[in-house]
Amino acid sequence: DSLLLVAKGTALEVVILRVPPIYGPGVTNNILTMFKAISYGWPLPLKTIKNRLSFIYIDNLVSAITVMASYPNAINKTYFVCDQEEVSSPQFLMKIAAAMEKNVRLFPFPLTLLRLIGVLAGQQFAAGRLINSLRVDGSDFCKELNWEPPITMDAGLKATAEWYLTINKK
């Protein structure tokens, strides 16, 4: 929020949007890895994870930016913005699998061992993103700017799956 301090006392109008992981066509990083894992039918030791995760579909983020840009009361504020649906890691994987019309192979595994494997493999951060909760409360943005994400998570994941399957034809 140091940007707000820089803008203070100037004509610069600032609105800061804080977003959770973004999914959609062109996705990279952990979410792309999830699509790959399901596509290849890899068994995943994530069945017992009970975390809560927020995400935002890229078109929903574009919609939020468009609404924010035309709303003068948003100036010099910070907002969180996200899809309305929260899911766990296993639920997100099941939704990806459904969008790809594939089966997801989840099995139970002790979380302490998952964390340890993450540390030993030098992937502590990546493992934490699958195990820990990352929740964003976008209700202020929705209320103050009268906005709702126009695209559901299922529809966004379907579009992402179509993109993924198109670029990874076997």
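Criteria and cut-off values
Residues numbered from 1 in each chain as written. Predicted model: local features only at pLDDT ≥ 70, side-chain atom pairs only at ≥ 80, totals over all residues. Heavy atoms only, no water. Helix = DSSP H or I, 4+ residues; strand = E, 2+ residues; numbered from the N terminus. Buried < 20%, exposed > 50% of the residue type's maximum accessible area, 1.4 Å probe, protein only. Areas by Shrake-Rupley, 256 points an atom, 1.4 Å probe, with all protein chains shown as cover. Lys, Arg positive; Asp, Glu negative; His and termini not counted. Charge placed at Lys NZ, Arg CZ, Asp CG, Glu CD. Phe/Tyr/Trp six-rings, centres within 6.5 Å; stacked < 30°, edge-to-face > 60°. Contact = heavy atoms within 4.5 Å. Axes fitted to C-alpha atoms, helices over the stretch in contact; angles between N-to-C directions. Parallel < 35°, antiparallel > 145°, perpendicular 65-115°, else oblique. Left-handed = near helix turned anticlockwise from the far one by under 90°. 1 Å grid on protein atoms, 1.4 Å probe; cavity = no way out; pocket = protein on both sides within 12 Å on 5 of 7 lines; lining within 4 Å. Points joined across faces, edges and corners; volume = space filled by probe spheres on them. Nonpolar A, V, L, I, M, F, W, Y, C, P; charged D, E, K, R; others polar. Arc of directions from axis to C-beta.

### A word on the overall build of the protein chain
- Counting its secondary structure elements, the protein chain contains eight helices and six strands.
- Secondary structure elements of the protein chain, listed N to C terminal, follow the sequence α-β-β-α-β-β-α-β-α-β-α-α-α-α.
- Principal-axis analysis of the C-alpha atoms gives the protein chain an extent of 55 × 35 × 25 Å.
- The 170 residues of the protein chain split such that 38% are buried.
- Accessible area of the protein chain: about 9700 Å², with a carbon and sulfur share of 57%.
- Computing the positive centroid from 17 side-chain charges and the negative centroid from 13, the protein chain places the two 12 Å apart.

### Observations regarding the packing of aromatic side chains
- In total, this model carries ten aromatic pairs according to the counting rule given.
- Pairing Y23 with Y57 gives two aromatic rings, centres 5.4 Å apart and planes at 40 degrees, and the pair type is tilted. One end of the pair, Y23, is in strand β2 (residues 22-23); the other, Y57, is in strand β4 (residues 56-57), with 34 residues separating them in the sequence. Neither residue differs from the other here; Y23 and Y57 are each classed as buried.
- Here F55 and F92 contribute two aromatic rings whose centre-to-centre distance is 3.9 Å and whose plane-to-plane angle is 5 degrees, an arrangement assigned as stacked. One end of the pair, F55, is in the loop between β3 (43-44) and β4; the other, F92, is in helix α4 (residues 89-100), with 37 residues separating them in the sequence.
- Exposure remark for F92: the relative accessible area of 0% places this residue in the buried category.
- Cluster of aromatic residues (ring-pair linked, three or more members): Y23, F55, Y57 and F92.

### Comments concerning the environment of F35
- Within the secondary structure layout, F35 lies in helix α2 (residues 29-39).
- In this view, F35 contacts I96, M100, L157, T160, A161 and Y164; residues no more than four positions away in its chain are not counted.

### Structural notes on the packing of α2 against helix α8 (residues 153-167)
- Between α2 and α8, the shortest axis-to-axis distance is 11 Å and the interhelical angle comes to 70 degrees. The orientation of α2 with respect to α8, classified from their angle, is roughly perpendicular. The two elements α2 and α8 cross, and the hand of that crossing is right-handed. Note on element contacts: α8 touches α2 through L157, T160, A161, W163 and Y164, opposite L32, F35, K36 and S39.

### Points about the environment of W163
- Relative to the helices and strands, W163 is located in helix α8.
- If we skip the residues at most four places from it in the chain, W163 touches G24, P25, G26, V27 and L32.

### Describing the side chain of S54
- Along the polypeptide, S54 turns up in the loop between β3 and β4.
- The residues contacting S54, other than those within four sequence positions of it, are P20, P21, C82, E86, L134, R135 and V136.

### Quick look at the layout of surface pockets
- Approximately 440 Å³ is the volume attributed to the largest pocket.
- Lining the largest pocket are 18 residues, with L44, L46, A126, A127 and L130 positioned closest to its centre.
- Elements with a minimum of two residues in the lining of the largest pocket: α2, α5 (111-120) and α6 (124-131).
- For the lining of the largest pocket, the residue count by class is 14 nonpolar, four polar and no charged.
- If you add up the space inside the second largest pocket, you get close to 310 Å³.
- Along the wall of the second largest pocket there are 18 residues; nearest its centre are P21, N30, F55, R129 and L134.
- Looking at the lining of the second largest pocket, the elements with two or more residues in it are α2 and α6.
- Residue composition of the lining of the second largest pocket, grouped by class: ten nonpolar, seven polar and one charged.

### Brief notes about α6
- By the burial criterion, the buried members of α6 are A127, G128 and I131. Seen from one end, α6 has its buried residues packed into an arc of 100 degrees, which puts them on one side.
- Where α6 is buried, its residues contact α5.

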